[in-house]
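Summary of the model geometry
Residues per chain are reported as follows:
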Amino acid sequence: MSYIITDPVRQKLLLGAVSLGVVMDGVDGSIVNVALPTMATYFDTDTGTIAWVIITYLLMMAGLLLVFGKIADQGRAKFLFLAGFAVFTIGSTVCGVAPSFEVLLGARALQGTGAAMIAAVAPLLCIRYLPKDMLGTAFGVIAAAASIGFAVGPAIGGVITQYLSWHWIFLINIPIGIVGVLFASRVIPADEADRGRGAASFDYPGAILLFASMVFWVFSLEELPARGAADSGILTYVMLALVCTALFVARQLTTKDPFLNIRIFASWQFSAVLAAFLLINIVFTGILYLLPFYLTSGMQFDLMTCGLLLLVPPAVIAITSVPFGRWSDKTGRRRPFAIIACAIVAVYSAYFTVVSPEYGIVPLLFGFILMGLAFGIGSAPASTRIIEKAPRGEESTASSIVMTIVYFAGMLGTASYAAIFTLATREAGAVVDFASISCATLVYGFQVTVGAGLVLAVIAVILSAIVPDAERSA
């Protein structure tokens, strides 16, 4: 049996190690956003192709999180966490010295694999070693770390790319990775003996089918604006995605030891709060993807200024997330926080549909504050709700799903907002290179795209409101 850490200092050290890994994961999920134009010029490629630098990383994370979560739950949590730091650091090194675009994508896939190891183990370590009455605070720290990392990435990338080169956005991970391995090896308790099913029971076909379905769905979404819905390649991708999804569901319902117990989704309350969490993450990461383009081309800011402005949302998240997580722990009520957070997402989505460059920087900053406030208020209560609404005995599975949703939403948000923006800025039915888009067209495309996110936010409000809070135990 796992023992619970009662020493407050050791609890903080464990959370520190977990947070370091999650922040590093999040940063590298978005650090390349601002550097994409520079990297496209360096590798002499188009904007659609260079977007795969982001998508490849997030795809590996979303596709492998549950795989590593299953392995970690068999008693290999510390080993996987340390291995994740090592693999991530190696991948970062190769990214920084990549001689070709193909090598860069391969290294980003390796980075994503290491990041998936870290992110899969992070919530499990909290569930296993921290008291239950700390889970809201712990998940607040994790959610804040993930969100801050993902949000602060463009800021760091902008400063480094402007004053050094894009290579250094990857090379800076080398010392961080080394420190992470040394620190985590000291503060995380040693792995225990096998906690359950052996490796022979691992559902490899299910894991492969789930990953394949994600790949084909993302390919379909990413290529749709350029090729059109009637294109044979798009139709093939969609067909393969549907087949893989159907086979995955059939496999999980019939195998003795499924990769993912999809019957967990039979609980409408669990599915509702999970869907709400997914939607607000899609909106947040989608807007975060568009903002660097809006700031550099619409507002005419340089990369450093753009990066510094994008520090505002994560700064607000850092200030507010832990206090609101503790507040929700103290009251035992999660729903009001989740509803308010989703409502704020709807407000800033609507707000960005009317903000224009000529209004100046102050209205823009107000929108950034709202972005941070939404996640600061709702990230911990919303993620904790998912664990509370999971069927008994499925808490570990639910915790892995929470982290999967964060990065899957990042991938979906990036791909879907890019697709909508591309469609909104087409001229004479043809896709236009980003450099050729006028300021007026760019602003119009930005407003249309964030307007589509407003619909998702409203749905998230409804889903959060219809699910009651869990009853507090005596």
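Here is what the cut-offs are and how they apply
Residues numbered from 1 in each chain as written. Predicted model: local features only at pLDDT ≥ 70, side-chain atom pairs only at ≥ 80, totals over all residues. Heavy atoms only, no water. Helix = DSSP H or I, 4+ residues; strand = E, 2+ residues; numbered from the N terminus. Rg over C-alpha atoms; globule rule 2.2 N^0.38 Å. Buried < 20%, exposed > 50% of the residue type's maximum accessible area, 1.4 Å probe, protein only. Disulfide = S-S within 2.5 Å. Phe/Tyr/Trp six-rings, centres within 6.5 Å; stacked < 30°, edge-to-face > 60°. Core = buried A, V, L, I, M, F, W, Y, C linked by side-chain atoms within 4.5 Å. Contact = heavy atoms within 4.5 Å.

Per the secondary structure count, the protein chain includes 17 helices and 0 strands. Its C-alpha radius of gyration of 21 Å places the protein chain within 12% of the 23 Å reference for a compact globule of 474 residues. With the C-alpha coordinates aligned to their principal axes, the bounding extent of the protein chain is approximately 65 × 45 × 45 Å. In the protein chain, which comprises 474 residues, the share counted as buried stands at 57%.

Attention shifts here to the state of the cysteines. On inspection of all chains with the given rule, the structure shows 0 disulfides. Counting only cysteine sulfurs, Cys439 is the nearest neighbor of Cys306, a cysteine outside any disulfide, at a range of 14 Å. The class for Cys306 is buried, based on a relative accessible area of 0%.

Our next topic: the environment of Pro314. Within the secondary structure, Pro314 is located in helix α13 (residues 312–331). Counting along the chain gives 271 residues from Pro314 to Phe43, while the straight-line C-alpha distance between them is 31 Å.

Bringing the packing of aromatic side chains into the picture now. Under the counting rule described, the total for this entry stands at 15 aromatic pairs. Relative to Phe368, the ring of Phe352 has its centre 6.4 Å away and its plane inclined at 50°; by these criteria the two rings are tilted. Placement of the pair is Phe352 in helix α14 (residues 335–352) and Phe368 in helix α15 (residues 361–389), with a sequence separation of 16 residues. One exposure class covers both Phe352 and Phe368, and it is buried.

The next thing to look at is the nonpolar core. When a protein is soluble and globular, its nonpolar side chains tend to lie buried together. Counting residues in hydrophobic clusters, the biggest one holds 153 residues, and the most contacted among them are Leu104 and Tyr348. With 24 residues, the single largest contributor to this core is helix α4 (residues 52–96). Those residues in contact with Tyr348 that sit more than four places away from it in its chain are Val283, Phe284, Ile287, Gly367, Leu370, Met371 and Ala374.

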